[in-house]
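A closer look at the structure
Below are the chains, spelled out letter by letter.
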Amino acid sequence: MHHLQTWNPEALGLASKAVLLGLSVAAAGLLLAVIPLGAELEQDIGLAWLFAARGPLAPPRDVVVIAIDERSARDLGLQDRPSTWPRALHAELVRHLELAGARVVSFDLIFDAPGVKPEQDQVFADAIRSAGNVLLAESIRRDTLRIQGADATSSASAVIESRALPIAVLHDAARGSAPFMLPKESRVDTYWTSLDDPGATPTLPVLAFQVFADAALPPATRPAPVPSAKGPPSDRTLLGRYASGESRYLNFYGPPRTISTVSYSDVLSAARAPSPAPDARAGDALYKDKAVFIGYAAATPAGQDRLRDDYRTVYSGANRLDLSGVEIAATAFGNLVEDRVIRPAGLPWHLAIVIVWGLALGSACRLARPVFAAFLVVAASAAYGAVALERFADAALWLPLIIPLGLQTSLALFAGVWLRYRDTKREREGIKRAFGYFLPQNVVDQLSRNLGPMTRANQVLFGACLATDAEKYTTLAEQTEPGRLGELMNEYYAHLFVPVERSRGVVADIVGDSMVAVWARTSPDTDVRRSACQATLDIVASLDGVNGSGGGDSPSMRTRFGIHSGDMLFGNIGASGHYEYRAVGDIVNTASRIQGLNKVLDTRILASAQTVQGLDGFVVRPVGSFLLAGKAHAVSVVELLGRRGERDDTGTDRALCGDFALGLQAFCERRWNEAQAAFAHVLQNHPGDGPSRFYATRCEQLQRDPPGEEWSPTLRIDSK
């Protein structure tokens with residue numbers, strides 16, 4: 001029994017966490033599956049995707065649509081309103097279909113009022129009675145009944161629906177009549193098989209299916225007459241199976257006119273064409289033993305807008321052409337004949353899929369690493385989608401898609417990745433707490449990220465360096481007790497550290513009143529330079545807020561800043577068992593020299609021109625080219641004045657920079673008299689401008705003691 005004691009507690013803990021996430025994902029799926037929103041999403045998005053991915057089906061062979069369209073109206077010289085057409089034309093059409101051998105003819109037209117020429121109603125009725133297989137459509141009339149309350153001050157209303165039958169002469173002649181209603185306000189996905197009335201009146205496609213099936217039987221074996229508006233349904237007929245008051249999903253065959261469609265005028269032309277063999281039309285294969293549906297079916301969007309018997313479906317496309325009502329009726333009939341009605345997975349199966357999928361995927365995403373979890377989710381989703389599509393195309397079985405692939409997959413992946421990140425972060429925090437007492441923070445961060453051992457920590461990176469120095473620190477140190485000085489400097493550095501850390505920088509070194517901060521990446525990055533400039537301006541704002549408040553014991557020290565960027569070395573520097581992890585190299589030294597240049601120019605923030613090159617959002621002015629102390633190459637320096645939009649709204653900075661630039665250009669071109677005048681003009685408007693005062697003094701010296709031809713505008717600065 002010793003093997004029972006070998007369970008790893010960490011493994012058990014992770015397994016329990018995986019199961020917990022799986023149960024959570026399954027529960028989220030179940031919650032969405034049992035509320036109406038889940039069913040709406042599956043129908044609106046999932047069902048539409050399945051139809052789009054499956055593509056059109058071969059149209060049913062037993063169905064033909066005769067379209068009353070705009071071309072028919074034009075060819076026959078009639079109005080676009082088919083309700084006004086002579087009913088003698090319909091009689092002629094019925095007689096032709098009788099001769100052609102149509103098994104059932106369904107008019108998806110309303111004949112609840114006498115025709116324009118009432119005498120033609122009898123002609124139409126005679127043709128219907130002769131054919132013996134014609135079905136007519138009924139309409140549903142909705143009347144609002146207002147009920148007055150007993151107190152004569154309150155009232156209520158009720159909507160009463162009743163069937164509007166075809167006129168008596170046509171109704172008595174027809175094999176049957178039935179309604180066929182479809183919603184106009186949303187996408188049509190279903191149809192009713194019967195009305196929810198005591199007689200369970202079948203709808204037009206179901207009644208047509210009954211007549212079609214009866215006509216296929218030998219006369220001796222045919223069931224009782226077709227129940228319709230003339231009588232209750234009988235369980236001896238197929239209506240006992242289909243006229244059950246339920247709604248069924250339509251298995252659309254494709255976009256408009258996918259089902260075999262013939263224009264009304266073409267059928268009449270064929271009926272009127274002379275033929276040497278009078279019985280030739282009776283053998284017409286186009287209609288023989290077929291179910292024929294007659295109704296409005298426009299061929300173009302313009303005609304559709306006039307006829308207005310169109311419905312939005314999953315195949316409503318960019319061409320604005322929708323399926324007509326008669327095409328939907330023919331689709332419903334074709335589904336019944338081929339027994340290819342869309343069957344949604346039952347609620348038990350739906351819930352089982354959601355539970356199993358959520359539990360499996362959630363557990364796997366919790367256990368796997370993020371990259372493998374993403375691969376697993378993609379592979380599993382593709383496999384499930386392929387199975388769902390195959391079942392839909394082959395067996396018309398509709399499996400849920402949106403909840404498992406939309407909600408649960410996303411939830412499992414993101415929750416698994418986030419929880420793995422949280423676990424890793426907690427582990428790193430533990431490492432940082434353990435080593436933070438002994439190593440610099442940047443080294444601790446590197447160790448916590450498992451970037452390599454300390455012996456390989458040295459590396460060259462691209463970075464930006466900020467060097468700072470506080471004025472009059474020596475005086476403050478002389479006049480302040482050491483303990484209090486430490487408190488003041490801690491408060492002072494708090495204003496420097498927070499903006500640096502907020503901008504993802506690292507404080508690399510602190511000596512007395514000076515700080516060196518760096519921002520680094522493995523390759524040149526504009527964000528590194530921008531972060532250094534942003535952090536510097538944030539530090540200035542923070543210090544100015546303290547210095548300008550005049551309250552408290554916080555130190556009031558003016559700080560100078562220098563910024564430079566380029567390649568620098570990060571690593572362990574030292575010997576004899578004493579090492580410090582820091583940034584070293586020419587970039588750090590140059591940033592320090594640029595910081596010192598502030599004392600010469602009486603400025604606050606200076607940066608190398610290459611640091612601000614290409615950065616937008618800052619107000620800067622070039623202040624010249626300088627050969628700094630200990631440097632062999634000159635550095636172009638700019639003054640960082642502030643953020644654009646905060647400094648130059650009044651145009652003051654634009655004027656300052658423009659006037660100074662004119663003076664600097666004249667200085668570089670040895671026009672020292674003009675340069676001095678330009679700098680004097682700047683000082684009139686900005687008496688405290690240090691760079692203008694510096695160059696004005698230089699211009700005076702150069703005018704008194706002109707240099708030789710080898711003179712260069714680059715200024716040599718010997719002080720640090």
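Throughout what follows, the structure given in this document is the object of discussion. Just so you know, these numbers come straight off a predicted model, no measurement behind them.

Structural notes on the overall build of the protein chain
Tallying secondary structure elements over the protein chain gives 23 helices and 22 strands in all. Within the span of the protein chain, comprising 720 residues, buried residues form 45% of the whole. Taking the contacts inside the protein chain whose residues are at least 6 apart along the sequence as the reference set, 73% of them involve residues at least 24 apart. Accessible surface for the protein chain amounts to roughly 35700 Å². Of this, 56% is attributable to carbon and sulfur atoms.

Re the environment of Leu 170
For Leu 170, the location among the structural elements is in helix 6 (residues 168-173). A C-alpha to C-alpha distance of 5.1 Å links Leu 170 and Ala 125, two positions 45 residues apart in sequence. If near-sequence neighbours (up to four positions away) are discounted, Leu 170 is found in contact with Arg 87, Phe 111, Asp 121, Phe 124, Ala 125, Ile 128 and Leu 136.

Overview of unusual backbone geometry
Of note in this structure, Arg 257 is not a glycine but carries a positive phi near 70 degrees. Structurally, the position occupied by Arg 257 is in the loop between strand 7 (247-249) and strand 8 (261-263). You can call Arg 257 partly exposed: its relative accessible area is 29%. Although it is not a glycine, Asp 339 sits at a positive phi angle of roughly 55 degrees. Tracing the chain through its elements places Asp 339 in the loop between helix 11 (325-338) and strand 12 (343-344).

So, the side chain of Glu 70
Relative to the elements of secondary structure, Glu 70 occurs in helix 3 (residues 70-76). For Glu 70, a relative accessible area of 12% puts it in the buried group. A distance of 3.3 Å separates a polar atom in the side chain of Glu 70 from the backbone nitrogen of Ala 299.

Concerning the packing of helix 22 (residues 672-685) against helix 23 (residues 690-704)
Running from N to C, helix 22 and helix 23 cross one another at 150 degrees; their axes reach a closest spacing of 9 Å. Comparing their axes, helix 23 and helix 22 come out roughly antiparallel. Crossing of helix 22 over helix 23 shows left-handed handedness. The residues of helix 23 that touch helix 22, namely those facing Trp 672, Asn 673, Ala 675, Gln 676, Phe 679, Val 682 and Leu 683, are Ser 692, Arg 693, Tyr 695, Ala 696, Cys 699, Glu 700, Leu 702 and Gln 703.

Focus on the packing of aromatic side chains
Inspection of every chain in the model, using the stated rule, returns 22 aromatic pairs. A ring pair is formed by Phe 51 and Phe 252, whose centres lie 5.9 Å apart and whose planes are at 65 degrees; its orientation type is edge-to-face. With Phe 51 in helix 2 (residues 36-54) and Phe 252 in the loop between strand 7 and strand 8, this pair connects stretches of sequence that are 201 residues apart. Residue Phe 51 is classed as buried on the basis of its relative accessible area, which comes to 1%. Residue class for Phe 252 comes out buried when judged on its relative accessible area of 0%. With a centroid separation of 5.3 Å and an interplanar angle of 85 degrees, the aromatic rings of Phe 212 and Phe 333 are classed as edge-to-face. You can see Phe 212 sitting in helix 7 (residues 204-215) and its partner Phe 333 sitting in helix 11, a full 121 residues away along the chain. Grouping residues by exposure puts Phe 212 and Phe 333 together as buried. Here the aromatic cluster, defined as three or more aromatic residues joined through ring pairs, consists of Phe 660, Phe 667, Trp 672, Phe 679, Phe 694, Tyr 695 and Trp 711.

Things to note about the pattern of salt bridges
By the definition in use, this model includes 26 salt bridges. Note that Arg 87 is salt-bridged to Asp 121, the shortest N-O span being 3.0 Å. Of this pair, Arg 87 sits in helix 4 (residues 87-100) while Asp 121 sits in helix 5 (residues 119-131), and the two are 34 residues apart along the sequence. Across the pair, Asp 121 and Arg 87 agree in class, each one buried. Overlapping salt bridges bring together Asp 469, Glu 471, Arg 558 and Arg 560 as one network.

Here we look at the nonpolar core
Counting 63 residues, the largest nonpolar core has Phe 51, Tyr 191, Phe 293, Ile 328 and Phe 333 as the members making the most contacts within it. With near-sequence residues (within four places) excluded, Phe 293 lies in contact with Val 63, Val 64, Val 65, Ile 66, Ser 106, Ala 208, Val 326, Ala 329, Ala 330 and Phe 333.

Let's talk about a nonpolar patch on the surface
A cluster of nonpolar side chains, namely Leu 31, Val 34, Ile 35 and Leu 37, defines an oily patch on the protein surface of about 350 Å² accessible area. Inspection of the secondary structure assignment puts Leu 31 in helix 1 (residues 9-33). With a relative accessible area of 55%, Leu 31 lands in the exposed category.

Some details on the packing of helix 4 against helix 9 (residues 264-272)
Orientation of helix 4 relative to helix 9, taken along the N-to-C sense of each, is 65 degrees, at an axis distance of 10 Å. By the angle class used here, helix 4 and helix 9 are roughly perpendicular. Crossing angle aside, the handedness with which helix 4 passes helix 9 is left-handed. Contact residues: Leu 89, His 90, Glu 92, Leu 93 and His 96 in helix 4; Tyr 264, Val 267, Leu 268, Ala 270, Ala 271 and Arg 272 in helix 9.

Reading the values: the criteria
Residues numbered from 1 in each chain as written. Predicted model: local features only at pLDDT ≥ 70, side-chain atom pairs only at ≥ 80, totals over all residues. Heavy atoms only, no water. Helix = DSSP H or I, 4+ residues; strand = E, 2+ residues; numbered from the N terminus. Buried < 20%, exposed > 50% of the residue type's maximum accessible area, 1.4 Å probe, protein only. Contact = heavy atoms within 4.5 Å. Areas by Shrake-Rupley, 256 points an atom, 1.4 Å probe, with all protein chains shown as cover. Polar contact = N/O pair within 3.5 Å; in protein donor to acceptor, adjacent residues only side chain to side chain. Axes fitted to C-alpha atoms, helices over the stretch in contact; angles between N-to-C directions. Parallel < 35°, antiparallel > 145°, perpendicular 65-115°, else oblique. Left-handed = near helix turned anticlockwise from the far one by under 90°. Phe/Tyr/Trp six-rings, centres within 6.5 Å; stacked < 30°, edge-to-face > 60°. Salt bridge = Lys/Arg side-chain N within 4 Å of Asp/Glu carboxyl O. Core = buried A, V, L, I, M, F, W, Y, C linked by side-chain atoms within 4.5 Å. Patch = residues over 30% accessible without salt bridge, like charges linked within 9 Å, V, L, I, M, F, W, Y side chains within 5 Å.

Don't take any of this as a statement about function, it's just geometry.
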